[in-house]
Amino acid sequence: MSIQKTPLQTGKYYHIYNRGINSCDLFRENENYEYFMALYDKYISPVANTYAWVLMKNHFHILVEILPEDCWGNLPHPEGFQNLRGAGILRELETDKRVNQQFSNLFNAYTKAFNKRYERTGSLFEHPFRRKHVDTIDYLKRVIVYIHQNPVKHGFCNHPSEYPWSSYLSCLSLKPTKLRREKVIAWFGNTDEFKIYHNQKVYSETIDEWIDME
């Protein structure tokens, strides 16, 4: 099954990522990053827990867990799926459709604001966005380190702590956050182990191999 067609199912973890169409910039100034995260909270937080994220100039990565439907509140059903109730494949199709719609709403809302601000037209994000199912604790840890090391990989900083648009510092902070940092730290064992994993020198080829191993 291709990455793009991997279904999004409740109770499962996914590494989700996307980039600007033709690798164009998604973020040009600080306000862009802030606005994207505000929209992310509006559209994605109702349907998913977030465990790690990073925003780069022309792409982003997030690690999420799709929430059970009874936690979603009163989200509208996508057209044509209102009557798909019950167990089995039909319910899975509805879940996938509704979660995908939330991501589409995020991308569409951000694109509309971005295009208006910078006087451009047309698509901003590649479609469909990519996703990989993450099904082991070891894989979860690798994805988290991969996400936080992304700015280092691309030469924006020498350590994840130096980059402001990721969840690394939130994992170590005591400030209120919707990030599920307690569970993240528990996966690594404790805060010291979390830091040790991220302090290791990770080369670009190695970090890509981590993600391709599953």
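As a reminder, the structure under discussion sits directly above these lines.
Residues numbered from 1 in each chain as written. Predicted model: local features only at pLDDT ≥ 70, side-chain atom pairs only at ≥ 80, totals over all residues. Heavy atoms only, no water.

Participant: Whenever I open this one, the overall build of the chain confuses me. Can you help?
Facilitator: Within the chain one finds seven helices and four strands. Within the chain, the proportion of its 214 residues that are buried is 47%. Considering only contacts in the chain between residues 6 or more positions apart, those separated by 24 or more positions represent 69%. Summed over all atoms, the accessible surface of the chain reaches about 11400 Å², with 49% contributed by carbon and sulfur. (Helix = DSSP H or I, 4+ residues; strand = E, 2+ residues; numbered from the N terminus. Buried < 20%, exposed > 50% of the residue type's maximum accessible area, 1.4 Å probe, protein only. Contact = heavy atoms within 4.5 Å. Areas by Shrake-Rupley, 256 points an atom, 1.4 Å probe, with all protein chains shown as cover.)

Participant: When you look at the nonpolar core in this model, what are you seeing that I'm missing?
Facilitator: Where a protein is soluble and globular, its nonpolar side chains tend to be buried together. In this structure, Leu63, Phe103 and Leu106 are the most contacted members of the largest nonpolar core, which totals 59 residues. Each residue touching Leu106, except ones within four places of it in the same chain, is listed here: Phe36, Leu39, Tyr40, Tyr43 and Ile44. (Core = buried A, V, L, I, M, F, W, Y, C linked by side-chain atoms within 4.5 Å.)

Participant: So what exactly am I meant to see when it comes to the sheet that holds strand 3 (residues 59-66) here?
Facilitator: The strands that make up a sheet are held in pairs by hydrogen bonds between backbone atoms, and each pair lies either parallel or antiparallel. The antiparallel open sheet is built from four strands, whose spatial order is 2-3-1-4. Every other strand in the sheet has two partners, leaving strand 2 (48-55) and strand 4 (130-134) as the edge strands with one partner each. Taken over all neighbouring pairs, the strand axes of this sheet differ in orientation by 20° on average, direction set aside. Along the sheet, helix 3 (residues 137-153) contacts strand 1 (13-19), strand 2, strand 3 and strand 4; its crossing angle with strand 3, the most-contacted strand, is approximately 155°. (Pairing = 2+ DSSP bridges. Axes fitted to C-alpha atoms, helices over the stretch in contact; angles between N-to-C directions.)

Participant: Looking at this structure, how should I read unusual backbone geometry?
Facilitator: Apart from glycine, the bulk of residues carry a negative phi angle, and the bulk of peptide bonds sit in the trans form. A cis amide bond, omega 0°, links His127 with the succeeding residue Pro128. One non-glycine residue, Asn22, adopts positive backbone phi at about 55°. Turning to its location among the elements, Asn22 is positioned in the loop between strand 1 and helix 1 (30-43). Phi at Ser23 takes a positive value of approximately 60°, unusual for a residue other than glycine. The residue Ser23 is located in the loop between strand 1 and helix 1 in this model. The partly exposed category is assigned to Ser23, whose relative accessible area is 35%.

Participant: Honestly, the pairing of strand 3 in this entry has me stumped. Any pointers?
Facilitator: On any regular strand, side chains alternate: one points to one face of the sheet, the next to the other face. Most of strand 3 sits out of view: eight of its eight residues are buried. Neither face of strand 3 is left uncovered, since the one carrying His59, His61, Leu63 and Glu65 and the one carrying Phe60, Ile62, Val64 and Ile66 both have all their residues buried. The pairing of strand 1 with strand 3 spans seven bridges and is antiparallel. Bridge pairing in strand 3 links Tyr13 to Glu65. As defined by bridge partners, strand 2 adjoins strand 3 across seven bridges and the pair is classed as antiparallel. Looking at strand 3, one finds that Asn49 is bridged to Glu65. Counted between consecutive antiparallel strands, the loop separating strand 2 from strand 3 contains three residues.

Participant: Teacher, can you tell me more about the environment of Arg180 here?
Facilitator: Structurally, Arg180 is set in the loop between helix 4 (168-172) and helix 5 (181-188). Since its relative accessible area comes to 40%, Arg180 is described here as partly exposed. A C-alpha to C-alpha distance of 5.2 Å links Arg180 and Tyr51, two positions 129 residues apart in sequence. Leaving out residues up to four positions away in the same chain, Arg180 has contacts with Asn49, Thr50 and Tyr51. Within the local environment of Arg180, its side chain forms a polar contact with the side chain of Asn49, the two groups lying 2.9 Å apart. (Polar contact = N/O pair within 3.5 Å; in protein donor to acceptor, adjacent residues only side chain to side chain.)

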